[in-house]
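Analysis of the macromolecular model
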Amino acid sequence: MLALVFALACTHPSPTAPPSGDGIWVLEMGRSTFPASHILQGAPETERWPFSWQAWLIHADRRWVLVDAGFREPDVARRRGIEGFTPIAGVLARRGLKPADISDLIITHSHWDHVGGAADFPEATLWIQADELAWMRSRVSTAHTQRSGLRLRDRNVLEAAAAQGRLQTPDGDAMVSPSIRLHRSGGHTPGVQWVEVHIDGHTTILASDIAYQTRNLTEGPPGGSRDAAADWSAIETMKALSTDIIPGHDPRSMQGPRAF
């Protein structure tokens, strides 16, 4: 089933209708392998594990909300060995959704593969933690256009959104809508945030890179975290709220009805 879903994703089918009703869907830009020691602290340095490059879509409170925007550049995908690459705007277009349909874009953190596609959604309100934006401003500039997984080009998109009045920078937990809540964590990055979604009495957590894959929820946070203790504390908080936690890069998320 997993191979079939991925094969279909790579054939660029004709657009179909958007999903009906409220829900959460996993959007896949492509797939590669990734160093195991980055996915899980203590994993073998010599191994590489399957890795899915993802974003997430929510329909609730009569709005379409995108969680992370992926990235746009096919050359970057090629260099990283990502197969079947499609930018998030293209993934949405396959299901009949236009950039203008997205009312809000939640940026969980400022790494290039989560914020790099934000320019494709010029009408959406962007949500990023104040701490995260401050970190981005401190790390990239005309003197340092790429550093710490951040890029000046992405910072410029956020600055333009701010000038247009489209940038929300909460300082801590916040509500995007009655059904969608943001929680600042810190850990993976200084202002990383995770998303709590309530639909039809059910709570789902979008963990982003606080947990790359499902095994992080029980075996420990990803490697390379800036603050592993903060990541683990966030994971424990998530698990206290719900057993339905969607990690940031798990190919298994593309199985079942949430695969977009």
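Analysis parameters
Residues numbered from 1 in each chain as written. Predicted model: local features only at pLDDT ≥ 70, side-chain atom pairs only at ≥ 80, totals over all residues. Heavy atoms only, no water. Helix = DSSP H or I, 4+ residues; strand = E, 2+ residues; numbered from the N terminus. Phe/Tyr/Trp six-rings, centres within 6.5 Å; stacked < 30°, edge-to-face > 60°. Buried < 20%, exposed > 50% of the residue type's maximum accessible area, 1.4 Å probe, protein only. Lys NZ or Arg CZ within 6 Å of the ring centre and 35° of its normal. Pairing = 2+ DSSP bridges. Axes fitted to C-alpha atoms, helices over the stretch in contact; angles between N-to-C directions. Parallel < 35°, antiparallel > 145°, perpendicular 65-115°, else oblique. Left-handed = near helix turned anticlockwise from the far one by under 90°. Contact = heavy atoms within 4.5 Å. Nonpolar A, V, L, I, M, F, W, Y, C, P; charged D, E, K, R; others polar.

Considering the environment of Ser20
By the element assignment, Ser20 lies in the loop between α1 (2–10) and β1 (23–35). Along the backbone, Ser20 and Ala234 are 214 residues apart, and their C-alpha atoms lie at a distance of 32 Å.

Some points on the packing of aromatic side chains
Considering all chains together, one arrives at ten aromatic pairs under this definition. On the numbers, 6.2 Å between centres and 85 degrees between planes, the contact of Phe34 with Tyr212 is edge-to-face. Note that Phe34 is positioned in strand β1 and Tyr212 in the loop between β12 (202–208) and α8 (216–219), a separation of 178 residues in sequence. In this pair, the class of Phe34 matches that of Tyr212, namely buried. Through pairs of rings, three or more aromatic residues link up here, namely Phe34, Phe51, Trp53, Phe71, Phe85, Trp112 and Tyr212. Lying over the aromatic face of Phe260, Arg95 brings its terminal NZ or CZ to 4.9 Å of the ring centre.

A word on the sheet that holds strand β10 (residues 180–184)
Spatial ordering of the open sheet is given by β9-β10-β11-β12-β13, a layout of five strands whose pairing is mixed. The open sheet terminates on both sides in strands that have one partner only, identified here as β9 (174–177) and β13 (245–247). Each strand of the sheet is rotated relative to its neighbour by a mean of 25 degrees, with strand direction disregarded. In this structure, β9 lies alongside β10, joined through three bridges in antiparallel fashion.

Re the packing of helix α6 (residues 130–139) against helix α7 (residues 152–163)
In contact at an axis separation of 10 Å, α6 and α7 are set at 130 degrees when each is read in the N-to-C sense. Classified by the angle between their axes, α6 and α7 sit oblique to one another. Seen from above, α6 lies across α7 with left-handed handedness. Residues Leu133, Met136 and Arg137 of α6 touch α7, and the partners they reach there are Asp154, Arg155, Leu158 and Glu159. Across the contact of α6 with α7, the residue classes break down as three nonpolar, no polar and four charged.

On their own, these measurements won't tell you what the molecule is for.
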